[in-house]
Amino acid sequence: MIYYTTLTLTHPLITIPFFSSNCLFFQIFISCLLFLFSLSSFTGCPKANSSTPMELVYPKSTNGELFPWNELRLPASVRPVNYDLSLTPNLTSMTFTGRTIINMIIQHNTKRVVLHSSEINIIKATFQVGEGKSVEVKVLEYKPWQQIAVSFPGDLKEGQVCVLTLDYTANLSHTYDGFYNSSYNDKTGAKRVLAATQFEPQAARKAFPCFDEPAFKATFLVRITREPEYIALSNMPKAKTTTLPSGMLEDEFEQTSVNMSTYLVAFIVANFTSITRNVSNTLVSVYSVPEKKEHTQYALDTASRLLQFYNTVFDIDYPLRKLDLVAIPDFLAGAMENWGLITFRETSLLVQNQSSLLDKQLIANVVAHELAHQWFGNLVTMRWWNDLWLSEGFATYWQYASLMTEFPQLYLRFKAMAKDSLNSSHPVSVSAQVNTPEQVSEMFDSITYEKGASLLLMLNSTLPDGQFRKGLLEYLRQYRGSNTVTDDLWNSITRVWTYIIDYCFWMCQVQVLPQQESVSDMMRTWTLQKGFPLVTVSRKGGEVTLTQEHFLLSTDNTTHTSSLWHIPVTYVNDSCSSAPSCRQMFTLRNKTATLKVSESVKWLKLNYMNTGFYIVHYGDEGWAALIDALKTDVSTLTPHDRASLIHNIFSLSRLGRVSFRQVLSLLDYTTNETETAPLTEALSQLSSVYRLLDKRPELGLVARMKAYILGHFGPLMDSQDWGVEESVSSQERRSALLEVACSLGRQNCTDQATALYEQWTNSNQTNRIPGDLQRAVFSVAAQSDSGWLSLLDTYRLTTYDSEKRKILQALASTQDPRRIVWILNTVLEGGIIHTQELPLVISTVSDGFAGHLFVWDFVKESWDRIIEKFPVGSYSIQSIVKSTTSQFSTQTHLEEVQGFFSSLKERGSRMRSVQEALETIRLNQHWMDRNLATLRDWL
C-alpha cells in the first residue's frame, strides 16, 4: 500500500520480575490490577501457589460466557485452506448480507476454533467435521479483540478437515476500511454510489469472518450479487453470471490460483468503464468512472511496460490471468496492492494526455510501487506486521529502481532520517510488541517505507554488480507462496554471495574478500536497532580516523555509545570525485577505525552519491576545505553529493555540532547552483527555518530571513521560463524555485503567476497552465477574493484530478480566517471536498501564519469526529498530528499539546506520533534558544 503524501518545501506491557516463590502472590496481585485496569471485561487473576501452575485468565464474551482465548494473536491450532464467500450489498440501505464457508485443517488437537470478526451480526453458524453431519454451533464474540470463537466439548484431532459456515449481516462501512460505501457526482451532477474494499492491515474481518493475519494464507472463491446497472470486480476473472429470480445478477469469480493473505482480498460494486490490453498472457485493465475514461490511457501504458519489466527482472511471471487497476473516487490511501485488483485514488492513477511529465511521473511511481507488491508482499508475504518493511520497503525501492528516478528517492531518504533521528523512532524490523490495531497501523510510516528502501539501496551499492538481484531471485524462488521474516531475506542473499566466494576460491584459487562478513551480520545492525550513525572524520596527514555514534537529536545531549553499525563507508577525494570509478569503500564495524590516504589529498567526501544511510561530520577543517572546493568549482562533486552536504550540515546544526554560521557559509556556494537536487534541498531546509521563525513574534528576523532566501536565489528564480519545460528534472527545479518565490511574495513571480492565471480564466481554461507551475499560479490567485471564489467554482466542476488537487492546496493556502474555518469544516463534513483530503488540507493550512493556530484548535475540537473516519495510529492520523504541531517552539505549546493528547487515553494518547510531536517541539525550542542570537547577528 502506498499513502498519499505531498511533496512540499518543508522539509503495554509492564514487566515485573519474579524474584522468588514467596513474592509470587504479591506480583500476581499487582499484575492483575494492571491487567484489569486495561481490560475491564476480564474475569479475574491467575490462581497460583507453590505447587500448582497458574491458571489462564479468559475474558468474557458479549453473552457473559468465558471466551476461550486470551491473546490478540490467533492460535496456530487451525489453518484455513479455502474461503467460499457470497456477498450481497444493498447500495440503497447501505447494508450487506453474507455467507462465509471456511474449509480448514486442524494443525494440532484443540477444543476451539478462534478467528476474527468485527462489526458483523452473525445470524447462524454450522460446523462440519470431515464427512460428518453439519451441526449448528454457538458463536462467542469478544469485541475488544475483534475475535469470535466456537468451542467443542471434545478435541478436534490433528489432521481433520472441517468446515465452518457463517451467515451474517452488516452495514457498509462509513469509514475508509472494510467493505465501505462511497459516492461521487457524475457529469450531470447526479449522485452515484458504489461499494469498495480496503482490508490492509486488519479490516477483512469487517467484511467476512476470517483468520485475518498475514500468515493464514488460503484460496478464495468470491460471489457478488448486484443490481444490473452495476458491475462487480474481484481478484480473479469472472467465471459466470447468473440471473436470479429477483432480477439481481450473481457474479461468480474463479477461485484464486494462488494462496493469499486476507488483507489482499478485494471486491468492488460500481458503475465503472475500462480500457484493456493483453500483456504477457495477462489481461491488463484500467477502470474509472465513465466521465474519466479518457484519463486512463497513460496508466494502462505504464502498467503494461512495468508488468513486462517485473516479469523479466524477477524471473517469475505474474501468476494471475488478469490485472485490474481501479480508480476509486473516495479512497484514503494512495493505492492498495490487492492481488489482481489494485485500487487507487483517482489522483494516483488518472492523468490527461497533455499533463506535465512531472504529473505523469507521479502516476508512474504509484503504479510501479503497487506492481512491485505483486511479488514483494503478495507472492512472498511478511509473517507478521513487525516485518512490514519486507513488503513496503521493497515496493518503495522498486518504484524508483524500475523507473530510474533518483532525485525523489534522495528526498525520501532525508525524510526518513528526520524521523529516525528522534528517540520515538523504531527499528525497521520491530522485535517489540506489534499486536494491537493501533500498533499495527503505526508500522505504516517513513521508517518502514523510505528507510527500508534506503537500506536496500545501500546494500545493492555495497555488493558486487548483480549480486543483490541474484539474492532477491533466490529469496523469491525459495519463499514464493509463503511467509517470511527479515532473516530469511538476508540468508538468501548471503547464500548467493557465499556461492560466488566459494566458486572464485576453487576455480580461481583466489580468496575473495577473506574478511567478508555475511550480509546478515551487516544488515542486522541496520534493521534491529532504531536510528542511524553519525560518522565523524578527523585527519592527521595521511591518517584518517573515522568514529561512529548514534545520531540522536536530544535536548539533554544524550549519547548512545553502545549503538554500533557495520557501515559501508564510501568516499572520494579531490583527485577523483565525481565519476563512479572514483568511489572507494571502507567498512567501519567498530567505534573507531583508521584508513590511509595520500598526504597530498586536500579533502575527502564520504557517502558517495548518498547511497549510505548515515550522516557525516568533517570537523571545522574538513568542512572548510569542502566549502572552498565548491566555491571554486561547483561541479567538483555530483549533484547528489552536494545535496547530501547541505542536508548533513543542517542536520548537524540541529544536533548542535556546527554553528548556523557554518551552515550559511556552505550555502554561499549555492548562488552558482543550478541542479535540481541541491537546489531543492537548500530551499527545503531554508523554508523550514523560515516557517519556524514565522510562527514566533520575530517579525524583523522573518523579514531578514526572507531577504536572505530571495537574495541568494532571486536571480535564478527570475530567470525561470514560464512556458513548457521538456524534462522532469527541469520541471522539478522550476516548481521548487517558483513556489518559494511566489510564497515569499517576489514581485516578478506573483506578476507572472497572476498574468498566467488571467490568461487561463479568460480563455475558458483552454490556455493550459503547465502542470509544474499550477500550484504556484493557483496559490497566488487564491490570495484574492475573486481568485479564491473562481478556484472554488473550478474545483467543483473540473474532472482533471491532478489539477483538482493543486486547486485544493491553493484554496487551503488562503490567509483569510473565515475561509480557513470554512475549508476545514467542509472537508471534515465531506461532500464538496471528500473527507479523504483532510490530511492534505490540514498540512497546507498549517504552513500558513494565519492558519497554524486555527488548525490546531480545529483538530482538538474535532478529534472524535476525525478518528471516526481515520483509525487511531493510521498514516493519516500520523500526518495530522505532525502537521499541526511540528512548527511549535514554545513551552506554552509544548504543555498544551502534551495536555491534550494525555487527555485522550485510548483515543490516541499512546501513539508514537504523539511522542514524536513532543520531541519535535522540545527540539524546536532548543534550536531557537541556541540560534536566535546568531541569526539576528548574521542575517
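Here's a quick rundown of the structure. (Residues numbered from 1 in each chain as written. Predicted model: local features only at pLDDT ≥ 70, side-chain atom pairs only at ≥ 80, totals over all residues. Heavy atoms only, no water.)

So, about the overall build of the protein. Tallying secondary structure elements over the protein gives 26 helices and 29 strands in all. In terms of overall dimensions, the protein is globule-like: its C-alpha atoms have a radius of gyration of 29 Å, near the 30 Å expected for 939 residues. Counting only residues that meet the buried cut, the protein has 60% of its 939 residues in that class. Approximately 36800 Å² of the protein is accessible, and the part contributed by carbon and sulfur atoms is 51%. (Helix = DSSP H or I, 4+ residues; strand = E, 2+ residues; numbered from the N terminus. Rg over C-alpha atoms; globule rule 2.2 N^0.38 Å. Buried < 20%, exposed > 50% of the residue type's maximum accessible area, 1.4 Å probe, protein only. Areas by Shrake-Rupley, 256 points an atom, 1.4 Å probe, with all protein chains shown as cover.)

Bringing the pattern of salt bridges into the picture now. Considering all chains together, one arrives at 45 salt bridges under this definition. Note that E252 is salt-bridged to R223, the shortest N-O span being 3.2 Å. Of this pair, E252 sits in strand β14 (residues 249-253) while R223 is found in strand β11 (residues 219-226), placing the two residues 29 residues apart along the sequence. Comparing E252 with R223 shows no difference in burial state: the two are buried. With its nearest N and O atoms 2.6 Å apart, the salt bridge here joins D324 to K322. This pair shows no difference in class: D324 is buried, exactly as K322 is. Members of the salt-bridge network, linked through shared partners, are D785, D816, R818 and R819. (Salt bridge = Lys/Arg side-chain N within 4 Å of Asp/Glu carboxyl O.)

With mixed pairing, the four strands of this open sheet are ordered in space as β27-β24-β23-β29. With partners counted over all chains shown, the strands left at the sheet margins are β27 (592-596) and β29 (615-617), one partner each. Here the average twist between neighbouring strands, direction ignored, is 25°. With five bridges joining them, strand β24 (residues 543-550) and β27 adopt antiparallel strand pairing. Within the sheet, the bridge partner assigned to T545 lies in β27 and is T594. (Pairing = 2+ DSSP bridges. Axes fitted to C-alpha atoms, helices over the stretch in contact; angles between N-to-C directions.)

This next bit is on the packing of helix α4 (residues 389-401) against helix α7 (residues 446-462). Put simply, α4 and α7 touch, their axes get as near as 7 Å, and they point 65° apart. The orientation of α4 with respect to α7, classified from their angle, is roughly perpendicular. The hand of the α4/α7 crossing is right-handed. From α4, W389, E392, G393, F394, T396 and Y397 reach across to α7, where they touch T448, Y449, G452, A453, L456, L457 and N460. (Parallel < 35°, antiparallel > 145°, perpendicular 65-115°, else oblique. Left-handed = near helix turned anticlockwise from the far one by under 90°. Contact = heavy atoms within 4.5 Å.)

We now examine the state of the cysteines. Inspection of every chain in the model, using the stated rule, returns two disulfides. Between the sulfur atoms of C742 and its disulfide mate C749 the distance is 1.9 Å. Across the S-S bond of C742 and C749 the torsion is about -90°, and the bridge reads as left-handed. Residue C742 is classed as buried on the basis of its relative accessible area of 10%. (Disulfide = S-S within 2.5 Å.)

Each strand in a sheet pairs with another by means of backbone hydrogen bonds, the pair being arranged parallel or else antiparallel. The three strands are arranged β3-β7-β6 in an open sheet whose pairing can be described as antiparallel. Pairing within the sheet leaves two strands with one partner each, and these edge strands are β3 (110-116) and β6 (140-142). Across the sheet, the axes of successive neighbouring strands diverge by a mean angle of 30°, strand direction being ignored. Where β3 meets strand β7 (residues 147-156), six bridges bridge the pair, whose relative direction is antiparallel. Its bridge partner being in β7, L115 is matched across the sheet by I148.

Another aspect to go through is the pairing of strand β2 (residues 95-106). Of the two faces of β2, only the one carrying F96, G98, T100, I102, M104 and I106 is buried; T95, T97, R99, I101, N103 and I105 on the other face are not. Alignment of strand β1 (residues 78-90) against β2, held across twelve bridges, turns out to be antiparallel. Looking at the pairing, N82 lines up with N103 of β2. Linking β1 to β2, which pair antiparallel, is a turn of four residues; within it M94 sits at a positive phi near 60°. Alignment of β2 against strand β8 (residues 161-171), held across eleven bridges, turns out to be antiparallel. In the sheet register, R99 faces β8, and the bridge partner there is D167.

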